[in-house]
Amino acid sequence: MIEIELDGKKVDIVEGSMIMHAADKAGTYIPHFCYHKKLSIAANCRMCLVDVEKAPKPMPACATPVTQGMIVRTKSEKAIKAQQSVMEFLLINHPLDCPICDQGGECQLQDLAVGYGGSSSRYEEEKRVVFHKDVGPLISMEEMSRCIHCTRCVRFGQEVAGVMELGMIHRGEHSEITTVLGETVDSELSGNMIDICPVGALTSKPFRYSARTWELSRRKSVSPHDSTGANLIVQVKNNQVMRVVPLENEDVNECWIADRDRFSYESLNSDERLTQPMLKQGGQWQAVDWQTALEYVANGLRQIKTDHGASAIGALVSPHSTVEELALAGALVRGLGSENIDYRLRAADFTPAGGIRWLGTSIASLSNLQRVLVVGSNLRKDHPLFAQRIRQAVRKGAAVSVIASSTELATRDAWAMSLAGVTTVAAGGWAQALADVATAIGAEKGVSVPAEGNASAQAKAFAQSLLGGERKAILLGNAAAHHAEASQLLALAQWIGEQTGASVGFLTEAANTVGAQWVDALPGQGGLNAAQMLSGGLKAVLLLNNEPEFDSAVGERTAAGLEHAQMVVTLSPFKANLAFSDVLLPIAPFSETPGTFVNAEGRIQSFHAVVKPRGEARPAWKVLRVLANLLGLPGFDFETAQEVLAHVRGTDSIATHVSAERLSNVSTTAIAASALTDASATPVTASIYQLDGLTRRATSLQLTADARGAVHAATGVRPGPHPSLEEVAA
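Thresholds, definitions, all that
Residues numbered from 1 in each chain as written. Predicted model: local features only at pLDDT ≥ 70, side-chain atom pairs only at ≥ 80, totals over all residues. Heavy atoms only, no water. Helix = DSSP H or I, 4+ residues; strand = E, 2+ residues; numbered from the N terminus. Buried < 20%, exposed > 50% of the residue type's maximum accessible area, 1.4 Å probe, protein only. Contact = heavy atoms within 4.5 Å. Areas by Shrake-Rupley, 256 points an atom, 1.4 Å probe, with all protein chains shown as cover. Lys, Arg positive; Asp, Glu negative; His and termini not counted. Charge placed at Lys NZ, Arg CZ, Asp CG, Glu CD. Pairing = 2+ DSSP bridges. Axes fitted to C-alpha atoms, helices over the stretch in contact; angles between N-to-C directions. UniProt positions renumbered as here; feature names shortened; annotations may be inferred. Core = buried A, V, L, I, M, F, W, Y, C linked by side-chain atoms within 4.5 Å. Domains from an automatic or database assignment. Polar contact = N/O pair within 3.5 Å; in protein donor to acceptor, adjacent residues only side chain to side chain. Parallel < 35°, antiparallel > 145°, perpendicular 65-115°, else oblique. Patch = residues over 30% accessible without salt bridge, like charges linked within 9 Å, V, L, I, M, F, W, Y side chains within 5 Å. Salt bridge = Lys/Arg side-chain N within 4 Å of Asp/Glu carboxyl O. Phe/Tyr/Trp six-rings, centres within 6.5 Å; stacked < 30°, edge-to-face > 60°. Lys NZ or Arg CZ within 6 Å of the ring centre and 35° of its normal.

Caption draft 1: Expanded view of the overall build of the chain. Helix and strand counts for the chain stand at 25 helices and 27 strands. Counting only C-alpha atoms, the chain reaches 90 × 70 × 50 Å along its principal axes. Here the chain holds 730 residues, and the buried ones make up 59% of them. Contacts spanning at least 24 positions in sequence make up 71% of the contacts within the chain whose residues lie at least 6 apart. Summed over its atoms, the accessible surface of the chain is roughly 28,500 Å², and 50% of this surface lies on carbon and sulfur atoms. Looking at the chain, you have 65 positive and 77 negative side-chain charges, and the mean spots of the two groups are 5 Å apart.

Below you can see the structure in the form of C-alpha cells.
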C-alpha cells in the first residue's frame, strides 16, 4: 500500500493502481468515457485529465499509476480547463439530436456536457457523417455519427465476449467503429455493448423509440433462464415490461447479462400469451372461467384416482419454474397418493442421487481457476456468463481442457477462448475418455484406478494439467447431465477430482435445477420418472410450465406418448401443448409472480412480481393451492409465496444458500467397465434460444444467427412457429 493526496485527502491505495482507482476508493468522481472498471485501460477519450503536482501537463487519471506522496487535484483550474477543452473536441462532430436520441436521459455525454461543455460552439465547419450499419436484430447502429470512439464496445468484444466483432477503422476524424469479423454482431453477450456505450451510438433495437428512460419504473428481478441466476432490473411502463438491464452483483453476474436474459421480455407481451382458462370440448377450444376450469380438473383427477388409482396421476414440471411452484406441485401430487413427479425432462439416466447436484464451487471462483476440465458442454452457448468468467481465468493463465462430441464444439472459435487440450469423441465414448485420464493419473501417482483405460498422449496431457496448479475444477455440462451414463461420468470425474484436488460439479441446465432438487420435485418410492411418464404411463398428466415437444428428450413423439392419458392439464403462460392438452390454465411468467430461484452454486434468490398478471393469468402457486383446496387436500393454507418459501426452508428461514449438508456431487454408482462405451445415444440438450418457452417466443432472439441454425437434438428438426388455436382445431 502507498499513500497519495487526492484533493487534500490522504488515500491509501495498492501500489500499481491508477489515479482513477484511488478516486473510486475515496468517493471522488472524475469525468470519463473510455474507462470502465471491467475493461482494459485505453486512455483515448482524455476526459479524465487531472492536475498532478510536478507533472508538466494534465495527466489521464485512468492511465497514470500512483506513486508514494503523489499530490493530485481533480478540481483545480488546470484540471477543469483541460476537461473543458476535451469536451469541446468531443462535441465538434457530435450531432445535436438529443431530443430524438434513445440514450437521452441516461447519456454520459449529455450529463458531462452540462458541467464541462460551452454554451455555444466555435466550430463552424461542416460536421462529419458516418453511414449507419445493420449488425443484426439486437443492436442498432443507425446513428454512428454520435460515436466518440471510446472503444468500450471493441474492448468488451475482445476481453469479455472473447470475439472481436467490432473494431475501429481509418484515422483521425475519419475513424469509425464497424464490424470487422462479419456483417453482424452475433455474440451471445452482445447486448452488454448497449449498456457500456456512453452515448447513443449503440442502442437496443427491440426497445428503440418505445419509451423514454424517465417514464420507466425500475424493479429488481432474477433471470429465469440458465443456472447463473443473473440479477436483473426490469423496466416497466403502463404495466408492461419495456426493457431489461443488469443489476450488478459481483458474486453472480458482475455487471453483465446474456442476451437471452436481456431480450426474452418480448415474449411477455406477445400474442401467444394465454390470458384465460380454456377447455377442449368436441375438439374445439372454449374459453371458460377459473371456477369451471379448476372444478373440471379436480373432478377429473378424482375420477381417474377412483378408476385407476393414484399411481395413474403424475406431473412433469419445468426446472424454470419457481421453488414455490415446484414445491406445491409436488405436494399436490403426493397429496393425491402418487409419487410421479419429475423435472428431468431431457435426462436419460434417472439413477437416484445421494444429494443435490450443483456447481461444486462458487460462481465467483470460476474467474480465478487455474485448471479446468469441461465434459459435455457447449459452454459458451449453454452458460454465457460462466464462459466469460472462465475466459477471465484463461486471460490470467488458466489451462482449459475439453471433452466434447464434435470438432465444432471444441475449437477456439466455439469457446471464444484458448483451449489447452481437446478430446473429440462421440458421447458414447466420454466415460472411456475420463477413464483414460484416470489411468494416466493413476500411473503418475502410483495408485489403482477405478476403470482401466488407455493412457494416450492426450490423456497424459489432461492428467498433467489437472495435477498442476492450485485452483481446479471438473465441470460436467448439460450433455453430461443428460447422458445415458451420467452417473458413471460423475463417478469417474469424482475419482479424478479426489486424486487431483479439483472440485467436481454440474453446470446445471436451468434457472431452478438446483431448486427443483431442493424441494424434491423427483419421483419417490415406486414413482415414474419423466421418460416413463412421457412414454404413456399415466392417465392424468399435469404439465407445469413446459412443452414436452421442445423441452424433453421425447421431442415430437410427445403426442403419441400422451394419447393414452384421459386428461392432460397444461399450466403455462402461453398457448402451449394445444395438440394433446384437454385443459389450459394461464399462469404468470416470472415477471408477474413472486418466487424464488436457486442457482448453480445453491444461492437462494427471491424476487417480486414487477407487473400485474396479464388478462386472467394467475401465479401458478396460487392455482395449485386452490386446486388442492378443491380436492380437499390438507396443508395448502398458504396466503403468500413467502409463506410457501418459509415452509420449504423449515427452521433455517434466513439462509441465503441451500445447506451444505444437502449439496453433494458424490456418486454412489460403482463404475462398470461395460458402461464405458455402451451409451451410444446422443444426449438431448437445448440450443441457446430454444431453452424455454420465453426465449422461443422472443422475436428478436429468434432472428439471431444462433437461433436460425438451431435444431432439436432428439429429432434433428428445427422447431417451427407455434400453431394457433384455429390451426390446431382445424
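Caption draft 2: Layout of the sheet that holds strand E23 (residues 540-544). Taken together, seven strands build an open sheet; the order of strands is E15-E14-E25-E24-E23-E16-E17 and the sheet is mixed. Edge positions in the open sheet fall to strand E15 (284-287) and strand E17 (341-342), since each of these has one partner strand only. Across the sheet, helix H8 (residues 323-335) is in contact with strand E16 (313-317), E17 and E23; its angle to E23 comes to roughly 170°.

Caption draft 3: Main features of the UniProt feature "domain: 4Fe-4S Mo/W bis-MGD-type" (unreviewed entry) in the chain. Per the UniProt record, the feature "domain: 4Fe-4S Mo/W bis-MGD-type" (unreviewed entry) sits at residues 216-272. Helix makes up 9% of residues 216-272 and strand 35%, whereas the separation of the span's terminal C-alpha atoms amounts to 25 Å.

Caption draft 4: Focus on the nonpolar core. Membership of the largest hydrophobic core comes to 71 residues, with the highest contact counts inside it found for Phe33, Met47, Ile139, Phe156, Leu166 and Leu202. Secondary-structure elements contributing two or more residues to this core are helix H2 (77-92), helix H3 (108-116), strand E7 (139-141), helix H4 (152-161), helix H5 (192-196), strand E12 (231-237) and strand E13 (240-246). Ranked by residues supplied to this core, first place goes to H4 with five residues. Three or more residues apiece are contributed to this core by two domains, here domain 1 (1-92) and domain 2 (278-346 + 523-660). Sequence-distant contacts of Leu166, that is, excluding residues within four places in its chain, are made with Met141, Cys153, Val154, Ile177, Thr178, Thr179, Val180, Val185, Met193 and Leu202. Grouped together as the second largest cluster of nonpolar side chains are 56 residues, Ile356, Trp358, Ala641 and Val644 included.

Caption draft 5: How the structure looks around the environment of Arg334. Secondary-structure assignment places Arg334 in helix H8. When the C-alpha positions of Arg334 and Gly200 are compared, they lie 55 Å apart, and in sequence the two are 134 residues distant. What Arg334 contacts, discounting residues up to four positions off in sequence, is Glu339, Ile341, Asp520, Leu522, Pro523 and Gly524. Reaching out from Arg334, the side chain makes a polar contact with the side chain of Glu339 at a distance of 2.8 Å. In terms of polar contacts, Arg334 uses its side chain to reach the backbone carbonyl oxygen of Asp520, at 3.1 Å.

Caption draft 6: Region of interest: the packing of H4 against helix H10 (residues 384-395). Closest axis-to-axis distance for the H4/H10 pair is 9 Å, and the angle between their directions is 85°. Of the possible angle classes, the one that applies to H4 and H10 is roughly perpendicular. Note on element contacts: H10 touches H4 through Gln388, Arg391 and Arg395, opposite Gln158, Glu159, Val160 and Ala161.

Caption draft 7: Geometry of a nonpolar patch on the surface. On the surface, Met164, Ile169, Val180 and Leu181 cluster together into a nonpolar patch covering about 330 Å² of accessible area. Structurally, Leu181 is set in the loop between strand E9 (176-179) and H5.

Caption draft 8: The UniProt feature "domain: 4Fe-4S His(Cys)3-ligated-type" (unreviewed entry) in the chain, seen in detail. Taking the UniProt record as the reference, the feature "domain: 4Fe-4S His(Cys)3-ligated-type" (unreviewed entry) is found at residues 78-117. As a span, residues 78-117 carries 60% helix and 0% strand, and end to end its C-alpha atoms are 16 Å apart.

Caption draft 9: Seen up close, the side chain of Asn478. With respect to the secondary-structure elements, Asn478 resides in helix H14 (residues 478-481). With a relative accessible area of 5%, Asn478 lands in the buried category. If sequence neighbours within four positions are ignored, Asn478 has contacts with Gly376, Asp382, His383, Thr508, Glu509 and Thr685.

Caption draft 10: Broad picture of the packing of aromatic side chains. Under the definition given, this model contains two aromatic pairs. Ring centres of Phe597 and Phe607 lie 5.1 Å apart, and the angle between their planes is 35°; on these two criteria the pair is classed as tilted. Note that Phe597 is positioned in strand E26 (residues 595-598) and Phe607 in strand E27 (residues 604-607), a separation of ten residues in sequence. Its guanidinium or amino end placed over the ring of Phe207, Arg243 lies 4.4 Å from that ring's centre, counting from NZ or CZ.

Caption draft 11: Highlighting the side chain of Gln388. Along the chain, the position of Gln388 falls in helix H10. Setting aside residues up to four positions removed in sequence, Gln388 forms contacts with Val160, Leu189, Glu254 and Trp256.

Caption draft 12: Quick look at the domain arrangement of the chain. Taken domain by domain, the chain consists of domain 1 (1-92), domain 2 (278-346 + 523-660) and domain 3 (363-506). Computed over C-alpha atoms only, the centres of domain 1 and domain 3 are separated by 43 Å.

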